[in-house]
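Spelled out from the first residue to the last, the chains are:
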Amino acid sequence: MSDIKVEKPIDSGNYIEEKVTMDNTPDLNDKTGEVFLSHMEDAIKQCRKLVGEGFRLVDFWSDPDQGIQFILKKKK
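Read on for a plain summary of the structure. (Residues numbered from 1 in each chain as written. Predicted model: local features only at pLDDT ≥ 70, side-chain atom pairs only at ≥ 80, totals over all residues. Heavy atoms only, no water.)

Description of the nonpolar core
In this structure, Val 20, Met 22, Met 40, Ala 43, Cys 47, Leu 50, Phe 55, Ile 68, Phe 70 and Leu 72 together form the largest nonpolar core, which totals 10 residues. Looking at this core, the elements with two or more residues in it are strand E3 (15-22), helix H1 (34-52) and strand E5 (67-75). Ranked by residue count, the leading element in this core is H1, at 4 residues. Look past the residues within four positions of Met 40 in its chain and what remains in contact with it is Met 22, Ile 68 and Phe 70. (Core = buried A, V, L, I, M, F, W, Y, C linked by side-chain atoms within 4.5 Å. Buried < 20%, exposed > 50% of the residue type's maximum accessible area, 1.4 Å probe, protein only. Helix = DSSP H or I, 4+ residues; strand = E, 2+ residues; numbered from the N terminus. Contact = heavy atoms within 4.5 Å.)

So, the environment of Lys 49
Within the element layout of this structure, Lys 49 appears in helix H1. Residues Lys 49 and Pro 64, 15 residues apart in the sequence, show an inter-C-alpha distance of 26 Å.

Things to note about the packing of aromatic side chains
Within the structure shown, the criterion is met by 1 aromatic pair. Directly above the aromatic system of Tyr 15 lies the positively charged group of Lys 73, at a separation of 5.8 Å from the ring centroid. (Phe/Tyr/Trp six-rings, centres within 6.5 Å; stacked < 30°, edge-to-face > 60°. Lys NZ or Arg CZ within 6 Å of the ring centre and 35° of its normal.)

Pasting the structure below:
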């Protein structure tokens, strides 16, 4: 089952960086993709929460071996 992780803030000069990661561990009982989509929605909710705190989404990427990562930054 996918795991959503919000990493500790990273101080990078003038910005604070947050990363929201959804790993790609499949749920073998998810025949329709519904569970995957639910986990994706949870990751997006975490991103929206950070946007509400003043962060902005600056990048995202996906990798079949690692999952999906959203990168958000906020000026200090």
